[in-house]
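Descriptive structure summary
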Amino acid sequence: MDILEANIRKMSEFFADKKAKLRPHFKTTKSVIISHMQVEAGAKGITCAKLSEAEVLAEGGIKDILIANQIIDPRKLARLAGLAKKTRMTVCADDPRNVDDLSEAAAAFGSTIYVLIEIDVGMGRCGINTKEEALALAKRINDADGLVFEGFQAYAGNIQHDPSRDARVKGVDLAIAKVGAIKEYVEANGLTVKEISGGGTGSYNITGDNTIWTEIQAGSYVFMDNHYEKVGLVFEQSLTVLATVIHKRPGVAVADAGQKVCCLAAGKPTIKGYPGLSAALSEEHGTINDEKDQLSFRQLIEYIPSHCCTTVNLHDNYYCTRNGLLESVWPVSGRGHSR
Ligand SMILES: Cc1ncc(COP(=O)(O)O)c(C=O)c1O
């Protein structure tokens, strides 16, 4: 808890005097309780990836939610429009057909949906690429019933984990050049770009440092993980997976925690307090090359995951400790809400 709270405080201190505001990503914590801690520390609202996450957040009392994705399915559009009646909802779009569908849904429910046009700034995932596309979409949104054109979504995920700050700065500069030119063109044609949303833990102090972004969507900073540890940020690791050594023989320790409780996406988990030790994960076991026999039979150990977001989503609860004592048990309330 001390580390988690310090991470939230450090991020809010960074943004205290910046033009951009923090809009932390819910995909990391999937916890409404942590989302409220972030909002109380100054975040303007919460980002999420999925409509079902937005529903959990709205139900939990979060008043300003961005789904940093496109919602296309007609049934989901109806749910989104319904949600927008009770909570401020912003969503991304990059296709005129989707703008028409969003408008139809909002008009049917008598609600207002705020829309960001997604610009591809390096991921090659969703997003438009040209100023002409941006202007045509912005006009379409502006003219549509029930929709408000808010600005742009511009997330450069490709650079977030680069350990070289120069490389991250270069990636952000490329995004600024592209998004800046599109903004200028759209505004020269009479529309206002109010928000530019994007950025993550790896670029929070670059994108968030009084550039063109108005919202930063960092998520992992609250927990950190081994993938982000290599980037060398001010945040510390607060999230571990508790396991027991169930077998010990010379040179090897085996723990009772495998891929069902710890994500392997960015490599093997390391063992907290034992530099150099890591666990090779099968489904239910972690096999640790313990050459110096540092671990012992029945010992409780803690894995530090390579990727925090996809590890959290494997669990029902957080067991929150302070000074070695269990302080609270919090639900991973967004678990399973991935649609
Ligand atoms: C749209 C979007 N915004 C922001 C982030 C940043 O998250 P993090 O700070 O955990 O890297 C991500 C991560 O995948 C993302 O997909």
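Overview of the structure. Worth saying up front: this structure is predicted, and the values here are computed from it rather than measured.

Now for the site of the ligand. The local shell around the ligand holds 15 residues, among which Thr201, Gln217, Gly219, Ser220 and Tyr228 are the closest. The separation between an oxygen atom of the ligand and a polar side-chain atom of Thr201 is 2.6 Å. Interatomic distance of 2.6 Å between a side-chain N/O atom of Gln217 and a nitrogen atom of the ligand. Taken by itself the ligand offers 390 Å² of open surface, and the protein chains cover 88% of this. Classifying every residue of the shell around the ligand by side-chain character gives 4 nonpolar, 9 polar and 2 charged.

All chains considered together, the criterion is met by 6 aromatic pairs. Look at Phe14 and Phe15: their rings are 5.0 Å apart centre to centre, the planes differ by 85 degrees, and that puts the pair in the edge-to-face class. In this pair, the class of Phe14 matches that of Phe15, namely buried. When the ring centre of Phe14 is taken as reference, the NZ or CZ atom of Lys18 above it lies at 4.2 Å. When the ring centre of Tyr185 is taken as reference, the NZ or CZ atom of Lys131 above it lies at 5.1 Å.

Right, let's talk about the pairing of strand 14 (residues 300–304) for a bit. It is a general feature of regular strands that their side chains alternate between the two faces of the sheet. Here strand 9 (residues 241–249) pairs with strand 14 via 4 bridges, running antiparallel. Its bridge partner being in strand 14, Leu242 is matched across the sheet by Glu302. Where strand 11 (residues 270–271) meets strand 14, 2 bridges bridge the pair, whose relative direction is antiparallel. Residue pairing across strands places Ile271 opposite Tyr303, the latter belonging to strand 14.

On to the nonpolar core, then. In terms of nonpolar packing, the biggest core is built from 84 residues, with Ile113, Phe152 and Val186 touching the most fellow members. Setting aside residues up to four positions removed in sequence, Val186 forms contacts with Ala134, Leu135, Ala138, Phe149, Phe152, Leu191 and Val193. Among the nonpolar cores identified, the runner-up in size contains 15 residues, and Ala257, Cys262, Ala279 and Leu281 belong to it.

Per the counting criterion, the structure on display carries 22 salt bridges. Taking the shortest distance from any N to any O, the salt bridge between Glu53 and Lys30 comes out at 3.0 Å. Taken together, the residues span a long stretch of sequence, with Glu53 in helix 4 (residues 51–59) and Lys30 in the loop between helix 2 (26–29) and helix 3 (32–40) at a distance of 23 residues. On the basis of relative accessible area, Glu53 is assigned to the buried category, the value being 2%. Look at the salt bridges and you will find they share partners, linking Arg23, Lys44, Asp64, Glu195 and Glu215 into a network.

A few words now on a nonpolar patch on the surface. A cluster of nonpolar side chains, contributed by Tyr319, Leu326 and Val329, occupies part of the molecular surface with about 330 Å² of accessible area. Among the secondary structure elements, Leu326 is positioned in strand 16 (residues 325–331).

The subject of this paragraph is unusual backbone geometry. Of all residues except glycine, most have a negative phi; of all peptide bonds, most are trans. Look at Asn210: it is not a glycine, yet its phi comes out positive at around 55 degrees. Position of Asn210 relative to the elements: it lies in the loop between helix 9 (204–207) and strand 8 (215–216). Classification of Asn210 as partly exposed rests on a relative accessible area of 44%. Located in the positive-phi region is Met224, a residue other than glycine, with phi close to 60 degrees. Considering the arrangement of structural elements, one finds Met224 in the loop between strand 8 and helix 10 (226–229).

Before going further, it helps to spend a moment on the environment of Glu104. Mapping Glu104 onto the fold places it in helix 6 (residues 96–109). Here Glu104 falls in the exposed class, since its relative accessible area comes to 60%. Counting along the chain gives 40 residues from Glu104 to Ala144, while the straight-line C-alpha distance between them is 8.6 Å.

A word on the sheet that holds strand 5 (residues 113–118). Pairing is parallel across the open sheet formed by 8 strands, whose spatial order is 1-8-7-6-5-4-3-2. Two strands lie at the open edges of the sheet, namely strand 1 (21–22) and strand 2 (46–48), each paired on one side alone. In the sheet, strand 5 pairs with strand 6 (residues 147–153) via 6 bridges, with the strands oriented parallel. Looking across to strand 6, one finds that Val115 is bridged to Phe149.

About the cut-offs
Residues numbered from 1 in each chain as written. Predicted model: local features only at pLDDT ≥ 70, side-chain atom pairs only at ≥ 80, totals over all residues. Heavy atoms only, no water. Near = heavy atom within 4 Å. Polar contact = N/O pair within 3.5 Å; in protein donor to acceptor, adjacent residues only side chain to side chain. Areas by Shrake-Rupley, 256 points an atom, 1.4 Å probe, with all protein chains shown as cover. Nonpolar A, V, L, I, M, F, W, Y, C, P; charged D, E, K, R; others polar. Phe/Tyr/Trp six-rings, centres within 6.5 Å; stacked < 30°, edge-to-face > 60°. Buried < 20%, exposed > 50% of the residue type's maximum accessible area, 1.4 Å probe, protein only. Lys NZ or Arg CZ within 6 Å of the ring centre and 35° of its normal. Pairing = 2+ DSSP bridges. Helix = DSSP H or I, 4+ residues; strand = E, 2+ residues; numbered from the N terminus. Core = buried A, V, L, I, M, F, W, Y, C linked by side-chain atoms within 4.5 Å. Contact = heavy atoms within 4.5 Å. Salt bridge = Lys/Arg side-chain N within 4 Å of Asp/Glu carboxyl O. Patch = residues over 30% accessible without salt bridge, like charges linked within 9 Å, V, L, I, M, F, W, Y side chains within 5 Å.

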